[in-house]
Amino acid sequence: MSDASVADTRRLNSKPQDLTDAYGPPSNFLEIDVFNPQTVGVGRGRFTTYEVRMRTNLPVFKLKESSVRRRYSDFEWLKNELERYCKIVVTPLPGKAWKRRLPFRGDEGLFEESFIEERRQGLEQFINKTAGHPLAQNERCLHMFLQEEIIDRKYVPGKVLAVSRGLTLRSFSLAILRPSSLRRGRKLGAEVLGFWGGGFRNWTERHLFGLSLGQQG
């Protein structure tokens with residue numbers, strides 16, 4: 001066998017995994033559980049809510065742990081908002097099960113335990129896939145759905161800006177207003193995570209470069 005063949009088939013030396021790598025927390029994670037369904041109300045006002053619990057270390061989320069209760073129509077609202085403002089392909093929701101709404105059924109219809117469990121699994125799959133999308137993570141509607149007790153349907157749609165390394169909007173603004181901080185302002189701007197496109201990018205370029213050049217002149 002030639003030296004070239006030996007070089008081609010030689011395995012790469014890999015770094016041994018230590019205990020920290022094996023059992024330490026992942027560098028980035030987002031875990032969402034949908035569980036503990038509860039049916040409330042009577043008659044036509046009867047519905048089921050689910051507890052939505054989130055754990056994460058992603059900087060785009062203000063709270064690293066949160067728990068809220070949501071019903072199926074809340075998941076529908078989130079899907080519609082993301083499709084309208086985020087322009088991404090959103091994972092389908094479990095069906096509305098119209099046949100289970102018919103009267104004179106021999107079971108509990110929408111409130112049958114097996115159906116509630118099937119829907120719970122579908123909702124959990126939906127929210128994990130949806131919240132895992134990088135563009136969806138910048139939308140206010142997703143943050144409100146996951147971390148605020150009450151969903152404000154009259155909210156103003158917008159982007160959520162994540163900051164890291166102690167960077168805040170105020171410190172970023174002060175940095176870009178000083179000509180001597182132009183280079184540092186660029187560096188800080190590059191560290192802003194999440195919403196780095198569209199309006200914010202245009203705003204940053206206009207203010208970062210426009211104001212700095214104006215003060216220099």
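Below, the structure is looked at part by part. Everything numeric in this text was worked out from a predicted model, so none of it was measured. (Residues numbered from 1 in each chain as written. Predicted model: local features only at pLDDT ≥ 70, side-chain atom pairs only at ≥ 80, totals over all residues. Heavy atoms only, no water.)

With respect to the helices and strands, Glu 148 occurs in the loop between helix H5 (140-147) and strand S4 (161-162). Relative accessible area serves as the criterion here: at 39%, Glu 148 is assigned to the partly exposed category. Along the primary structure Glu 148 and Leu 63 are separated by 85 residues, whereas in three dimensions their C-alpha atoms are 9.9 Å apart. Dropping the residues within four chain positions of it, Glu 148 is found in contact with Val 68, Arg 70 and His 143. (Helix = DSSP H or I, 4+ residues; strand = E, 2+ residues; numbered from the N terminus. Buried < 20%, exposed > 50% of the residue type's maximum accessible area, 1.4 Å probe, protein only. Contact = heavy atoms within 4.5 Å.)

So, about the nonpolar core. If you look at the biggest cluster of nonpolar residues, it comprises 32 residues, and the most contacted ones within it are Phe 75, Trp 77, Leu 78, Ile 127, Leu 142, Phe 145 and Leu 146. Looking at this core, the elements with two or more residues in it are strand S1 (30-40), strand S2 (47-56), helix H3 (72-85), helix H4 (113-131) and H5. Once residues within four sequence positions are removed from consideration, Leu 78 is found in contact with Phe 126, Ile 127, Cys 141, Leu 142 and Phe 145. (Core = buried A, V, L, I, M, F, W, Y, C linked by side-chain atoms within 4.5 Å.)

Let us now look at the sheet that holds S1. Taken in spatial order, the 3 strands of this open sheet run S1-S2-S3, and their pairing is antiparallel. Two strands bound the open sheet, and with one partner strand each, they are S1 and strand S3 (65-71). Across the sheet, the mean angle from the axis of one strand to that of its neighbour is 20 degrees, orientation sign disregarded. Where S1 and S2 come together, 9 bridges link them in antiparallel fashion. Looking across to S2, one finds that Thr 39 is bridged to Thr 48. With respect to the sheet, H3 is in contact with S1, S2 and S3, its orientation differing from that of S3 by roughly 105 degrees. Contacts from H5 reach S1, S2 and S3 within the one sheet, and its direction differs from that of S3 by about 90 degrees. (Pairing = 2+ DSSP bridges. Axes fitted to C-alpha atoms, helices over the stretch in contact; angles between N-to-C directions.)

Within S2, 7 of the 10 residues are buried, which leaves the element mostly enclosed by the surrounding structure. Here S2 runs beside S3; their pairing, made up of 7 bridges, is antiparallel. Residue Arg 53 lies in a different strand from S3, and its bridge partner there is Ser 67.

The next thing to look at is H4. With 19 residues, H4 should reach 27 Å at 1.5 Å per residue; the first-to-last C-alpha distance of 27 Å fits that figure. Where H4 is buried, its residues contact S1, S2, H3 and H5. (Expected span 1.5 Å × (residues − 1).)

So, on to the packing of aromatic side chains. Overall, the coordinates contain 3 aromatic pairs when judged by the stated rule. Between Phe 75 and Phe 126, the aromatic rings sit 6.2 Å apart at their centres with planes inclined by 65 degrees, giving edge-to-face as the arrangement. Taken together, the positions of Phe 75 in helix H3 and Phe 126 in helix H4 put the pair 51 residues apart, joining distant regions of the chain. By relative accessible area, Phe 75 is classed as buried at 0%. An angle of 70 degrees between the planes, with centres 4.9 Å apart, marks the rings of Phe 75 and Phe 145 as edge-to-face. Residue Phe 75 is located in helix H3, and its partner Phe 145 is located in helix H5; the two are separated by 70 residues in the primary sequence. Look at Phe 145 and you get buried, because its relative accessible area is 0%. A connected cluster of aromatic rings, assembled from ring pairs, spans Phe 75, Phe 126 and Phe 145. Positioned above the aromatic ring of Phe 111 is the side chain of Arg 46, whose terminal nitrogen or guanidinium carbon lies 4.4 Å from the ring centre. (Phe/Tyr/Trp six-rings, centres within 6.5 Å; stacked < 30°, edge-to-face > 60°. Lys NZ or Arg CZ within 6 Å of the ring centre and 35° of its normal.)

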